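Summary of the model geometry
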Amino acid sequence: RGVNLLNAHESPTRNGLEERFLEAKNNNLFDGRGSNLFSVDNSGIDEESLSSASTFDIPKLNEDGGGSCADTGGLQVNDSEADIDRLQTEITAPCTIQTQDDTLERNLSGMTMDSLASKDTSKKKQGLTEERRHNSMHFFKKIGSIGGNRRDVNKMTGSLTSIKNDNTDTTGTRKNLSWKPGGLLTGSFRQSLEKDEEEDTNTAAREQDKLRASAKLMRKHLHTANNQQSFRDLKRVMVEKGAVTGSSVRAILQQQQQSDLPSDDDSIADMGLSAEHNNDSFFRASNTIPAMNVIDESLAESNSTADFKRLERLKNDPLFGDKQQRPYIHLPSRVPIFQSLSNAILRCTDEGRTSLLTIHGGKYLGKSKLINAVINNIQGQSHNSYTVLRSERSVNTEMVSFFPFHKIISSALRECEKRTRTVGIHSYDENEEEESIIHRLIDRKVLDTKDQCMLSRILPFVTVGNHDLSSLLGGKSHTAITKDTAATINKLFIPLQPVLLIFDAADDGELDASSVDLLEELALSSPASCPQLITILLSRQPTNLSTALLDMQVDTSIETITKSDSEVYIRSFFDPNCTNNNMTVDGRVLDIIHARANGCPLFLERLLLWAQRKGIIEVDASRNVVTISSQSELNDVLPMSLYEEVLGEINSLSYSELDSLKLACCMGMIFSPETYEALNSDGLFDTLNYLTSTHSLFCNKDGYYMWRYSVVFDAVSSILITDERQEIHERIADSFSQSASTTCDVRRAKHYSIAHRLNEAWDLYMDAGKQKEKLFDFKNALTCYNQAKLNRRKRSSLVEKLSCSTSLGWCLQALERYDDAEQELETALEWTMSLSDNDRHAEYSLLTALAKVKSHQSKYREAIDLYEKALPLIDSGSHSPKWLANHVSSFGEILRKSGELIKARELHQQALEYRKKAVDNNSGTSLELAISHTQLGCTYYGLQDFVTSSQYHKKALTARVSELDFNSAPVSESLNYCADSLQATGYGKQALPLSLHAVEIRKKLFGLSHPAYAHALSVLASTYFSIGRPLESLDLMKECIDICDKAFPPNHSNLIPNLMLYGKVLRVSGDVVNSLSVYRRALFIHMVNFSSNQNEGQLKELNDCIRQLESNASTLLQVSPDMPLPTIESDLNKINIILCTSLSHCSDEYAFSVAASLQQMGSINLIAIVVSEQSESERAKLARRTLDSLLLCEVPVGSKRNESKTSPYICNGAEIIARALNQAPDAKSLTLLCDSCPVDIVEVMVKHPALFTEKVNEVIIIGSVQPPRRRGNIEPSTTYNADHDQAMARLYSGCQQFNIPTITMSNHLSKGFPFPSNFVDELTRTNHIISLDVQQKEIARARHLWEEGGKETRKLIFGNEKPKADELQHNVWPLVKSIDIELVLGLLCCIPMYRDAHFRWDKHIVNGTEHKICKAKVVKSEALSEEILMMVGFALRAGLMNTSC
């Protein structure tokens, strides 16, 4: 590098070295150009001497590369101005020399300028002291004249002794002490000095002294400002190259200079400097370094060979080359963990049960490799093909919203697009944008516009889509939005099941707060919608998740490997194919390697690679043992730490390349070139691309750079000390000012913060928080505002403090942290009131925000006072109607909740008018009108005007259903309020389906512990109470109260209505004591929250109920669990049917829908449903819910046994049939339909034969019979169920004995009946819970039959088409031509019109009674299929009051 090495044999001290230098100068043995090179023998230099001799200016080599004084050690110095000027402008880089005694690096950067100018030193010191001071100040002024700032001057005047002696950190990793190559006094700066010197009239001596002082300051700057870069050990290079002569050493240094010479545009090497000076020649040293001589050809050839060998070796290195990582080794201590994780995943998949696997352990213990091996294992064992979705590693992204989900959702979109693709479409563009894929999925009805809005919160390049929908999200809580987002993601995952989600937070990176919430919500909501979802979370520390996840969480700890593990690893290393079972490991090797690796498998592998490369460890074939191959002590030569071994490869890089790595390290584990585009002008990314080609350090995917391995990232990060890290972040922060991008990225803010640029950091954190608020990402917005608060030291103005506190208050309110929000907003309001009137711009916003917080805390009086202060501040002429409507309605809601209903109604009417104006001028939509309709409906409900309330809620429901997804939170709110107002007006039967749907939607959206779900339960309980089933309300109200007690603060006013209803239910059920206790609690809460003149109607009702209960004057209703039977009519045109079914088919709920339509048409009268066979209780519960949702709530449900008591209104099946027979007014007025084991029918027939014979008109049986013999009885076919065969035989025998006609429809008749999958999809457009349930079950059945069904079965289900299995293995549902609607066809057989038109019967006479058997195909099946579709759709829409059609 052009450095003269001093022979230090005779003078080991600093003074001795200076004397040697002066002697050479006085003997005129140095020509001023550094033409002589001396050999080095530093054996006589101790550490103290080198420490004191660390700043010697060493001149350049002469161009001819030789000199006759090489053997004499002489140095020649000419004291002319030209020589000194040359020395100033041609300062060369320092050289690192390493002693034999220790590894302490010292820098011999040449003799100081003081010693160089020591001739006539005494005279100079006596006469020119003041002149030197003057010259120094003149030099500082010149720095300022070219743009230098105080920080640069401080660097240039720093101490020469800033080099630390301690060269190791606490982990044993070497710290490289480094300096920047090149000089500073160059170009325009020197010309500027020379121009001033011509104008100066001082003497030549003064000018000469000034130059010396300037050069000295320049050298100080060189040493102090750039003392963090790594330089190679010259002695090590000499040993490796075999350099023993002066010419060979000279050639080495020339080669080093040529390889490390920075280019004109390479400012990466100038990283310690201010970015605003990068373009000035003052900071360019490369132009002042002359070209060096060509090295010897022989040495060049040897160096080229060495570099080639090194690059070839790196190619085979797992970390730095293309060679793949070694296969997974089953270590003894990891085998139980491996099996446990594999079994957990397989079990969850087979059982359809969601699971959360958390795996934690220290650095580099092999967590990722373990889970990869587990996945490969289960992919081979399971018949299911797992969809594996991985997150990017998250370092320096803890405030980037949903960063772990970016790659997961993008991959899920593409995979979902493939699996839901229409038959015949095979083209696919891997680079297609996510938004176009979303639009295609919306067209396929997989997603909807609301889902696009939710996905835009996660994927940065997806637009909102429906801006009106986005604006409505502003009124929703963080929890509600998170649940909506999780519901959208589950839609993507459903076609991909089973799904493995892998979140990798193992690189000391934390998932952002919003991602944690979304991850938890996915785990909680997926059992209902996406049961085959397994989430795997990798981390270095145990993960603290919600307690609600404990039941599904499987936590696994990964510990360090044991000594036996190390032995297995070493054997596998030297025998990868595991063919040599007799190989052993030398005890010394095992002890030393295991102790040094400290239980880290990655370090163990790196040690083995290092020792194998050095030829230290090998396999002794004669003894078949892994042993030490050399006499060297293994413990002394092995790397001390993992980072030291990794850095051994990195230290061979040039200075600019190492600087680029440090810069990339400060950018994070993953970074985008667009964010740091200004740095690319200096060739940063060209350097990273080069390092990727030579060392495979980075992956470049989707426009992002990512470190391939975290250990390399951590190793580079370990050599960064605080000062250097700050300087690098300063460099990055300065580059942002040169960038054209104005993105408010929290990563930029973090760079400014670490660089101590607090003003810029504050601005960026505040802007980033506002951006996140627009995306309703309140948790990450809160994090940004808190960071801004920490970076506010220099932004201490009251206005800026106010801005930060106000933003914090709003976010805390959105997150329902009302106490914290109250504190922040009250502080902000206090600061606001201290400002002048003209500066109180935020006063209104603070007053209204604080009022809303008080309202949520049930502090209604304070909230009203705040709003009354705020309203006079409104200038209605300066605000839009939409803005005015929002604020007026907010005040109206506070008044409504406080009981001032008349004032609330007036304000809500006023808000409705504002919103109508907004719609007229196209600034508002019908969705905003729905808000006013809902608020007015609630207000009229409080005023006991239930009819008007129902009308307003119906308007809101109609608007929301037409604009939003039916399963959204606003629609569920309108369904809930419609049901409540309908049941209050006496239409409980019509309210029940709406309330059931509201409960189902809110259960999926909010979970089982949210107040919104509790409110839906309360309305459902009220509805059951209104239709005369109060016992069914009891359990619902218990669950509701439990949720509210946990969700609300003690004595919150929202508890009062629920407690009043609970007291009423207890009172009706006969529990007077508990009823009185509940009413008293409600009264106490009312007195706490309301003043004497507020909510008087509620207070009066409470006092009346308590007084009646205390005086025992209340009349207790006699409640019976037996539901009354519907009236059995004697109309001959209406068939009275009792349906006995097992509900074993997926589509049996369609039969109930057809029954509901036929009943409304007057064709049948459904008397009861009796459920038999397996799982009676659960199926009876399903029947009860289905009937309630189809306006058939008066139809009772029975079962053989009801041990689980799923409903108090599910009775014994035989008793229901007997009651129906007794209540039937006419003979032969009942029809029995049976598709399963007829145990209940046979029991009644045996117990009441006369009654059965009198009242039963005919029995329709879905089954199969043996070919009837002439004049013989009809006998059923046998099955594998003896009980079923016995009961069926007794039924046929009894009917033929009592001359009751039987009609047998073959159960094979429905196979192949044309009811295709698109009919099922069309019915789901009604959004009825029945249609959605049937579709999900039929899709699962179709997939199962496709994979495991026989040839004939598949032909019946899928028709004659033969698509390729590999193309449609995940999307067979569109191929389905027939679903089994056996019970529907059986129900139609009960009606003579359908029986005669579409069925062909074989008649058989037994004892004079005609019995019919149908085995042929259905006649006019296509027409009948269309009619069935119409009847099912009619019933589903009628159940929802036609709101969803």
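Computed from a predicted structure; not experimentally measured. Numbering of residues begins from 1 in every chain and follows the order in which that chain's sequence is written. Where local features are concerned, this predicted model is filtered to residues with pLDDT of at least 70; where side-chain atom pairs are given and counted, the filter is 80 or more; whole-chain, interface and lining totals use all residues. To obtain the side-chain values, all non-hydrogen atoms of the structure were included, while hydrogens and water were left out.

**Describing the overall build of the protein**
Operational definition: The secondary structure listing takes helices from DSSP runs of H or I that are at least 4 residues long and strands from runs of E that are at least 2 residues long, numbered from the N terminus. By definition, residues are in contact when any of their heavy atoms lie within 4.5 Å.
On a plain count of helices and strands, the protein comes out with 60 helices and 22 strands. Sequence separation of at least 24 residues holds for 75% of the intrachain contacts in the protein that already meet a minimum separation of 6.

**Quick notes on the confidence of the model for the protein**
Reading predicted coordinates in detail is not appropriate for stretches of low pLDDT. Using the following cut-off: What pLDDT expresses is the predictor's confidence in each residue, scored from 0 to 100.
Taken over all residues, the pLDDT of the protein has a mean of 76, while the share at 70 or more is 72%. Contacts of residues 1-18 to residues separated by more than four positions or lying in other chains number 61 contacts, the stretch itself having pLDDT below 50. Contacts of residues 257-300 to residues separated by more than four positions or lying in other chains number 108 contacts, the stretch itself having pLDDT below 50.

**Examining the packing of helix H35 (residues 843-856) against helix H37 (residues 881-898)**
This is how it is decided: As a rule, the C-alpha atoms of each element are fitted with a line to give its axis, helices using only the stretch in contact, and angles between N-to-C directions run from 0 to 180 degrees. Crossing chirality is assigned from the near helix's rotation relative to the far helix, an anticlockwise turn below a right angle marking it left-handed and a clockwise turn marking it right-handed. Each residue gets one label: Ala, Val, Leu, Ile, Met, Phe, Trp, Tyr, Cys and Pro are nonpolar, Asp, Glu, Lys and Arg are charged, and the others, such as Gly, are polar.
Following both chains from N to C, one finds H35 and H37 inclined at 35°, their axes separated by 11 Å at the closest point. You can see that H35 and H37 cross each other, and the crossing is left-handed. Contacts between H35 and H37 involve Tyr844, Thr848, Ala851, Lys852 and Ser855 from the former and Trp883, His887, Ser890, Ile894 and Lys897 from the latter. By residue class, the composition of the contact of H35 with H37 is four nonpolar, four polar and two charged.

**Notes on the sheet that holds strand S8 (residues 584-585)**
Stated formally: At least two bridges found by DSSP between two strands are what make those strands a pair.
Spatially, S8-S10-S9 is the arrangement adopted by the three strands of the open sheet, whose pairing is mixed. Two strands in the sheet have a free side with no partner beyond their single neighbour: S8 and strand S9 (617-620). As judged from the four bridges shared by S9 and strand S10 (residues 625-628), these two strands associate in the antiparallel manner. The residue of S10 that forms the bridge with Glu618 is Thr627. The sheet contacts of helix H22 (residues 587-597) involve S8, S9 and S10, and relative to S10 the element is tilted by about 70°.

**A word on the pattern of salt bridges**
Between side chains of opposite charge, a pair can form when the charged atoms approach closely. Condition: Salt bridges are counted wherever a side-chain nitrogen of Lys or Arg sits within 4 Å of a carboxyl oxygen of Asp or Glu.
If you walk through the whole model with that rule in mind, you get 52 salt bridges. As a salt-bridge pair, Glu1243 and Lys1247 come within 3.1 Å of each other at their nearest N and O atoms. A residue pair is termed a helical-turn pair when its members lie 3 or 4 positions apart in one helix, as Glu1243 and Lys1247 do in helix H51 (residues 1239-1247) at four residues. Between Glu1258 and Arg1395 there is a salt bridge, with its nearest N and O atoms 2.8 Å apart. Placement of the pair is Glu1258 in strand S19 (residues 1256-1263) and Arg1395 in helix H59 (residues 1392-1398), with a sequence separation of 137 residues. When salt bridges with common partners are traced through the structure, they connect Glu822, Glu826, Lys854, Lys859 and Glu862 into a single cluster.

**Some points on helix H32 (residues 778-790)**
This is how it is decided: Each residue after the first adds 1.5 Å to the expected span of a helix. Burial classes follow relative accessibility: with a 1.4 Å probe on protein chains only, a residue under 20% of its type's maximum area counts as buried, one over 50% as exposed, and anything between as partly exposed.
The end-to-end C-alpha distance of H32, which contains 13 residues, comes to 18 Å, matching closely the 18 Å that a straight helix rising 1.5 Å per residue would cover. Of the positions making up H32, those classed as buried are Phe778, Asn780, Ala781, Leu782, Cys784, Tyr785 and Ala788. Among the structural elements, helix H19 (478-493), helix H20 (513-529), helix H30 (746-754), helix H31 (758-774) and helix H33 (798-814) are those in contact with the buried residues of H32.

**Some words on the sheet that holds strand S16 (residues 1197-1199)**
If you walk across this open sheet you meet the nine strands as S17-S16-S15-S14-S18-S19-S20-S22-S21, and the pairing is mixed. At either margin of the open sheet sits one strand with a lone partner, and together these are strand S17 (1210-1212) and strand S21 (1402-1406). Across the sheet, the axes of successive neighbouring strands diverge by a mean angle of 25°, strand direction being ignored. Strand direction decides the pairing type here: strand S15 (residues 1164-1171) and S16, joined by three bridges, are parallel. Within S16, the residue paired with Val1170 across the bridge is Gly1198. Against the sheet, helix H58 (residues 1382-1389) contacts strand S14 (1135-1141), strand S18 (1230-1234), S19 and strand S20 (1302-1306), and its axis sits at roughly 155° relative to S19.

**Re the packing of helix H34 (residues 818-833) against H35**
If you want to describe how two helices pack, look at the angle between their axes and the distance between the axes. The test is simple: Between 65 and 115 degrees an angle is taken as roughly perpendicular, under 35 as roughly parallel, over 145 as roughly antiparallel, and anywhere else as oblique.
Contact geometry of H34 with H35 gives a least axis separation of 9 Å together with a crossing angle of 155°. Put simply, H34 runs roughly antiparallel to H35. Taken as a pair, H34 and H35 cross one another with a handedness that is left-handed. Residues Tyr818, Ala821, Glu822, Leu825, Glu826, Ala828, Leu829, Thr832 and Met833 of H34 touch H35, and the partners they reach there are Glu843, Leu846, Leu847, Ala849, Leu850, Val853, Lys854 and His856. Residue composition of the contact of H34 with H35, grouped by class: eleven nonpolar, two polar and four charged.

**Considerations on the environment of Leu798**
Within the secondary structure, Leu798 sits in helix H33. Residue class for Leu798 comes out partly exposed when judged on its relative accessible area of 28%. Here the alpha-carbon distance between Leu798 and Leu835, two residues 37 residues apart in the chain, equals 8.6 Å. Discounting residues that sit within four places of it in the chain, Leu798 has contacts with Trp831, Ser834 and Leu835.

**Structural notes on unusual backbone geometry**
Cis geometry is found at the peptide bond from Gln497 to Pro498, where omega equals -5°. Structurally, Pro498 can be placed in the loop between H19 and strand S5 (499-505). A positive phi angle, near 60°, is found at Tyr364, a position not held by glycine. Assignment of secondary structure puts Tyr364 in the loop between strand S3 (355-361) and helix H14 (367-381). Note on Tyr364: relative accessible area 14%, which makes it buried. Notably, Asn1407 is not glycine yet its phi reads approximately 55°, a positive angle. Within the secondary structure, Asn1407 is located in the loop between S21 and strand S22 (1409-1414). Overall, the relative accessible area of 59% leaves Asn1407 in the exposed class.

**Points about the environment of Leu901**
Structurally, the position occupied by Leu901 is in helix H38 (residues 901-920). The buried category is assigned to Leu901, whose relative accessible area is 16%. The contact partners of Leu901, leaving out residues within four places of it in the chain, are Arg896, Thr939, Gly942 and Leu943.

**Observations concerning the packing of aromatic side chains**
Which entries qualify depends on this criterion: By convention, a stacked pair of Phe, Tyr or Trp rings (six-membered ring in the case of Trp) has centres within 6.5 Å and planes under 30 degrees apart, an edge-to-face pair has planes over 60 apart, and any other such pair is tilted.
Taken as a whole, this structure holds 23 aromatic pairs when the rule is applied. Ring centres 6.5 Å apart and planes at 35° place the aromatic pair Phe671 and Phe685 in the tilted group. Taken as a pair, Phe671 in strand S11 (residues 670-671) and Phe685 in helix H27 (residues 684-695) lie far apart in primary sequence, 14 residues in all. Relative accessible area serves as the criterion here: at 1%, Phe671 is assigned to the buried category. With a centroid separation of 4.9 Å and an interplanar angle of 15°, the aromatic rings of Tyr867 and Phe891 are classed as stacked.

**Considering the side chain of Asp965**
Along the polypeptide, Asp965 turns up in the loop between helix H40 (946-963) and helix H41 (969-984). Residue contacts for Asp965: discarding those within four places in its chain leaves Asp448, Lys450, Lys491 and Val971.

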